[in-house]
Amino acid sequence: MRSPIPGLGRVMVFLAAALVPASLDVPEGWGEEGVQYGQVGTDVTLSCAGAHAGSPVQWRRAGAAALPEGSAIRQGALVLPRASLATAGTYSCHGEDSGLLHTVCLRLGHLPGVPFVSCRASDYENFSCSWTSSVETFLPTRYITTYRKKSLTGEEKRRNKNRHVGPCLQDLSRPGTCTVHGSEFWSSYRLNITEVNPLGSSFRLLDITMQAIIKPDPPEGLVVEPIPLAPRRLHVSWKYPSSWPKEPHFQLRFRLQYRPVIHRSWSVVETVNLSEVITDAFAGLEHVVQVSAKDFLDAGNWSDWSAEARATPVRDPATAASEETTTDASLESLAEEPSHAPNPEPINRSDPLEKMAILVSLGIFAFFVLAAVLVITILIWLRMRKHGKDETKPHNFLVAATHLKALPKAQIL
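Residues numbered from 1 in each chain as written. Predicted model: local features only at pLDDT ≥ 70, side-chain atom pairs only at ≥ 80, totals over all residues. Heavy atoms only, no water.

1. Some words on the overall build of the chain
- If you tally the helices and strands in the chain, you get six helices and 22 strands.
- For the chain, the residues scored as buried account for 28% of the 413 residues in total.
- Counted over contacts in the chain with a minimum sequence separation of 6, partners at least 24 positions apart contribute 64%.
- Surface accessibility of the chain: about 27900 Å² in total, with carbon and sulfur atoms responsible for 58%. (Helix = DSSP H or I, 4+ residues; strand = E, 2+ residues; numbered from the N terminus. Buried < 20%, exposed > 50% of the residue type's maximum accessible area, 1.4 Å probe, protein only. Contact = heavy atoms within 4.5 Å. Areas by Shrake-Rupley, 256 points an atom, 1.4 Å probe, with all protein chains shown as cover.)

Below, the structure written as structure tokens:
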């Protein structure tokens, strides 16, 4: 089918060629001499290199009494229809005198699939990518890894056209990974991961931005310590990951999670500092603490959690004294050996705390009784005093009246 726009097909072909370097041809020399590769499910033909044209030959399979079912010999070559993995093995061809003419080792597998690729930047200057095959090919496999910088200015293009293209360097000590060094934090890249085996190749193109794939390594040097005289507090400190450059423009923020060892749920606190004080720990219980990091401006993802650190807050002095008293009493009772002789004295099993509670209750009761008696006494006294005043008033009135009656009339007038 032709493209509706003239020249569009040529442009697409040119772009595809630019994305896949010329070095992506299927490499030669996949195995030892005498090895032949074939695709599962297809007809495989094995040639007898030492046979003369038209001469009859015989084929044998090492370790087997007969050739695979359905196989046929055509013009000295062995044809294996719809080969399966079980068809693989070592085959040999022989002349009329049963002399060995040629030996071939047949290895069968599948074409490469499009690999799964993921990328991560542990800092803002480099990023690494890792991949896994999407198909189990059962064949030797190689990977060709390149990248291309996408966001180029006109000046960069004029200065060096090939500077933005380069290899993603593979590390032999870490199979399935490659690294791009000297990347730019605000740039975008197109990664090409090509999987190649003796049957063919398949590639994946992945567009990435540094801001999206940044994921710091976990913080290091996590230390948790109890705080003296603070039963519910723990002091936690940590350091930047050594892989993160010490630059003022690229800072990290942190997330702290902690819990008592006997609990399952975590408490989480975020901070921009390199230390934090936990204020709601459980006194006397061992706590487990972890910390993770993220770019200060919230780019990318949180790091994995750091290794665990543990500590136990100090005990509350009052609680500790009470627990020690109870523990000592329990140990003393366990240390006493029971006597088999009858004891005429009654056994006192009362708890000291129970005795104290009884004494406190009796004291409170006595206080209320005394208070009630005092109130009643005061009321009676007040009432008697009032009654005495009332009796005094009529007597004084009669005395005054009698005195007025005894006065002479002239004085009255």
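Read on for the rest.
2. Details of the state of the cysteines
- Counted by the stated rule, this structure contains three disulfides.
- Between the sulfur of cysteine 48 and that of cysteine 93 lies a disulfide, 1.9 Å long from S to S. Across the S-S bond of cysteine 48 and cysteine 93 the torsion is about 80 degrees, and the bridge reads as right-handed. Residue cysteine 48 is found in the loop between β2 (44-46) and β3 (58-61), and its partner cysteine 93 is found in strand β6 (residues 89-94); the two are separated by 45 residues along the sequence.
- Under the relative-accessibility criterion, cysteine 93 is labelled buried at 0%.
- Note on cysteine connectivity: cysteine 168 is disulfide-linked to cysteine 178, with sulfurs 2.1 Å apart. Between cysteine 168 and cysteine 178 the disulfide shows an S-S torsion of about 90 degrees. By sign, it is right-handed. One end of the pair, cysteine 168, is in the loop between β11 (165-167) and β12 (169-170); the other, cysteine 178, is in strand β13 (residues 177-181), and ten residues separate them in sequence. You'll find cysteine 168 and cysteine 178 in the same group, each marked buried. (Disulfide = S-S within 2.5 Å.)

3. Points about the nonpolar core
- Of all hydrophobic cores here, the largest spans 39 residues; its most connected members are Phe127, Leu191, Val236 and Ile278.
- A per-element tally of this core places strand β18 (residues 252-260) first, with four residues.
- Aside from chain neighbours lying at most four places away, what touches phenylalanine 127 is Arg120, Ala121, Cys178, Thr179, Val180, Ser183, Tyr189, Ile208, Met210 and Ile213.
- Counting residues in hydrophobic clusters, the runner-up holds 13 residues, among them Leu46, Ala83, Val104 and Leu108. (Core = buried A, V, L, I, M, F, W, Y, C linked by side-chain atoms within 4.5 Å.)

4. Re the confidence of the model for the chain
- With 73% of its residues at a pLDDT of 70 or more, the chain shows a mean pLDDT of 79.
- Within the model, pLDDT remains below 50 along residues 397-404, and this stretch shows one contact once partners closer than five positions in the same chain are excluded.
- Low pLDDT (under 50) marks residues 409-413, which in the prediction has two contacts with non-local residues, meaning those over four places away or in another chain. (pLDDT = per-residue confidence, 0-100.)

5. Looking at the pairing of strand β7 (residues 100-109)
- With five bridges joining them, strand β1 (residues 35-39) and β7 adopt parallel strand pairing. The residue bridging glutamine 39 from the neighbouring strand is glycine 109, located in β7.
- Bridge count for β6 against β7 is six bridges, and the pairing is antiparallel. Bridging from a neighbouring strand, threonine 90 pairs with cysteine 105 of β7.
- Between β6 and β7, which pair antiparallel and follow one another directly, the connecting turn spans five residues, one of which, serine 98, has a positive phi of 70 degrees. (Pairing = 2+ DSSP bridges.)

6. What to know about the sheet that holds strand β14 (residues 188-197)
- With antiparallel pairing, the four strands of this open sheet are ordered in space as β11-β10-β14-β15. Each having just a single partner strand, β11 and β15 (200-209) make up the two edges of the open sheet. Averaged over all pairs of adjacent strands, the angle between their axes in this sheet comes to 20 degrees, without regard to strand direction.
- Sheet analysis places strand β10 (residues 142-149) next to β14, joined by eight bridges and oriented antiparallel. Across the sheet, residue arginine 142 finds its bridge partner in β14, namely valine 196. (Axes fitted to C-alpha atoms, helices over the stretch in contact; angles between N-to-C directions.)

7. Observations regarding the packing of aromatic side chains
- In this structure the tally under the stated criterion is ten aromatic pairs.
- Centroid distance phenylalanine 185 to phenylalanine 250: 5.2 Å. Interplanar angle 70 degrees. Geometry classified as edge-to-face. Of this pair, phenylalanine 185 sits in the loop between β13 and β14 while phenylalanine 250 sits in the loop between β17 (234-239) and β18, placing them 65 residues apart in sequence. In terms of burial, phenylalanine 185 and phenylalanine 250 fall into one category: buried.
- In this structure an aromatic cluster arises from ring pairing among Tyr124, Phe185, Trp186, Trp244 and Phe250.
- A cation sits over an aromatic face here: arginine 232 above phenylalanine 282, 5.9 Å from the ring centre.
- The ring of tryptophan 266 has arginine 259 sitting right over it, with the charged end atom 4.6 Å from the ring centre. (Phe/Tyr/Trp six-rings, centres within 6.5 Å; stacked < 30°, edge-to-face > 60°. Lys NZ or Arg CZ within 6 Å of the ring centre and 35° of its normal.)

8. Side note on a nonpolar patch on the surface
- Taken together, the side chains of Leu374, Val375, Ile378, Leu379, Trp381 and Leu382 present a nonpolar region at the surface, about 610 Å² in accessible area.
- Mapped onto the elements of the fold, valine 375 is located in helix α5 (residues 352-406). (Patch = residues over 30% accessible without salt bridge, like charges linked within 9 Å, V, L, I, M, F, W, Y side chains within 5 Å. Salt bridge = Lys/Arg side-chain N within 4 Å of Asp/Glu carboxyl O.)

9. Quick notes on the sheet that holds strand β9 (residues 126-132)
- Pairing is antiparallel in the open sheet, where four strands are placed in the order β8-β9-β13-β12. The sheet terminates laterally at β8 (116-120) and β12, the two strands that pair on one side only.

10. Considerations on the side chain of serine 92
- Within the secondary structure, serine 92 sits in strand β6.
- Of the residues examined, serine 92 reaches a relative accessible area of 14% and is grouped as buried.
- A distance of 2.9 Å separates polar atoms of two side chains, one belonging to serine 92 and the other to histidine 94.
- Setting aside its immediate chain neighbours within four residues, serine 92 contacts Gln58, Trp59, Arg60, Leu100, His102 and Thr103. (Polar contact = N/O pair within 3.5 Å; in protein donor to acceptor, adjacent residues only side chain to side chain.)

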